[in-house]
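# Fold and geometry: a report
Given next are the chains, with one letter for each unit.
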Amino acid sequence: MENNTELKVKNLMNLRTSLIAVVTVLTGGLISFIFTDTNIIFKTFIIISGVYFDILFVVNMINTNNKINKLLEG
């Protein structure tokens, strides 16, 4: 049973690492996109979509952290 929990924690930590990388790249892309010289409507649409997905990934990362904490506590 202990080996199964260890494997779950390891998989969740890998998922968390991947989510951190996605959030970093997405946020960097959004910030660099702000400084481009494009149509304001297109830029607004892309930024709103990017912020939505950024929030979605951060919430997923928080849920993953909570799952890791629950597995480690009990």
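A brief structural summary. Here the residue index of a chain counts from 1 through its sequence in written order. Local features in this predicted model are restricted to residues whose pLDDT is 70 or higher, and side-chain atom pairs enter the listing and the counts only when it is 80 or higher, whereas totals over whole chains, interfaces and linings include all residues. Each side-chain value is worked out from all heavy atoms of the structure, with water and hydrogens disregarded.

### Focus on the overall build of the chain
In terms of regular secondary structure, the chain is built from 2 helices and 0 strands. The reference for a compact globule is 2.2 Å times residues^0.38; the radius of gyration itself is calculated from the C-alpha atoms. Taken against the 2.2 N^0.38 rule, which gives 11 Å for 74 residues, the C-alpha radius of gyration of the chain at 17 Å runs more than 25% over that of a compact globule. A principal-axis box enclosing the C-alpha atoms of the chain has dimensions of 55 × 15 × 10 Å. Contacts are residue-level and defined by heavy atoms, with any inter-residue pair within 4.5 Å sufficient. Sequence separation of 24 or more characterises 73% of the internal contacts of the chain that already satisfy a separation of 6 or more. For helices the rule is a DSSP run of H or I covering at least 4 residues; for strands it is a run of E covering at least 2, with both sets numbered from the N terminus onward.

### What to know about the side chain of K43
Structurally, K43 can be placed in helix 2 (residues 40–73). Partly exposed describes any residue whose relative accessible area lies between the buried limit of under 20% and the exposed limit of over 50%, with all areas from a 1.4 Å probe on protein chains only and scaled to the type maximum. Here the positive residues are Lys and Arg and the negative ones are Asp and Glu; neither His nor the chain ends is included. Each reported salt bridge corresponds to a side-chain nitrogen of Lys or Arg within 4 Å of a carboxyl oxygen of Asp or Glu. One buried charge, K43, has no salt-bridge partner; the nearest side chain with opposite charge is D37, at 6.0 Å. Excluding anything up to four places from it in sequence, K43 contacts F33, I34, T36 and T38.

### Concerning the packing of aromatic side chains
Stacked, tilted and edge-to-face are the three classes applied to pairs of Phe, Tyr and Trp rings, where Trp contributes its six-membered ring and a pair requires centres within 6.5 Å; stacked means planes under 30 degrees apart, edge-to-face means over 60, and tilted covers the rest. Taken as a whole and assessed by the stated rule, the structure comprises 2 aromatic pairs. An angle of 70 degrees between the planes, with centres 6.0 Å apart, marks the rings of F33 and F42 as edge-to-face. Here F42 falls in the partly exposed class, since its relative accessible area comes to 43%. Their ring planes at 70 degrees and their centres at 5.2 Å tell us that Y52 and F53 sit as a pair that is edge-to-face. Taking relative accessible area as the criterion, F53 reaches 41% and is therefore assigned partly exposed.

### A short note on helix 1 (residues 2–34)
Every helix has an expected span of 1.5 Å times one less than the residues it contains. Over its 33 residues, helix 1 extends 48 Å from the first C-alpha to the last, a length consistent with the 48 Å expected when each residue adds 1.5 Å. Residues of helix 1 that are buried include every one of V9, L12, L19, V23, L30 and F33, and no others. Tucked inside the fold, the buried residues of helix 1 contact helix 2.

### As for helix 2
Here helix 2 contains 34 residues, and its C-alpha end-to-end distance of 49 Å stays within 8% of the 50 Å for a straight helix at 1.5 Å per residue. Looking only at helix 2, the buried set comprises K43, G50, D54, M61, T64 and I68. Tucked into the core, helix 2 has its buried residues touching helix 1.

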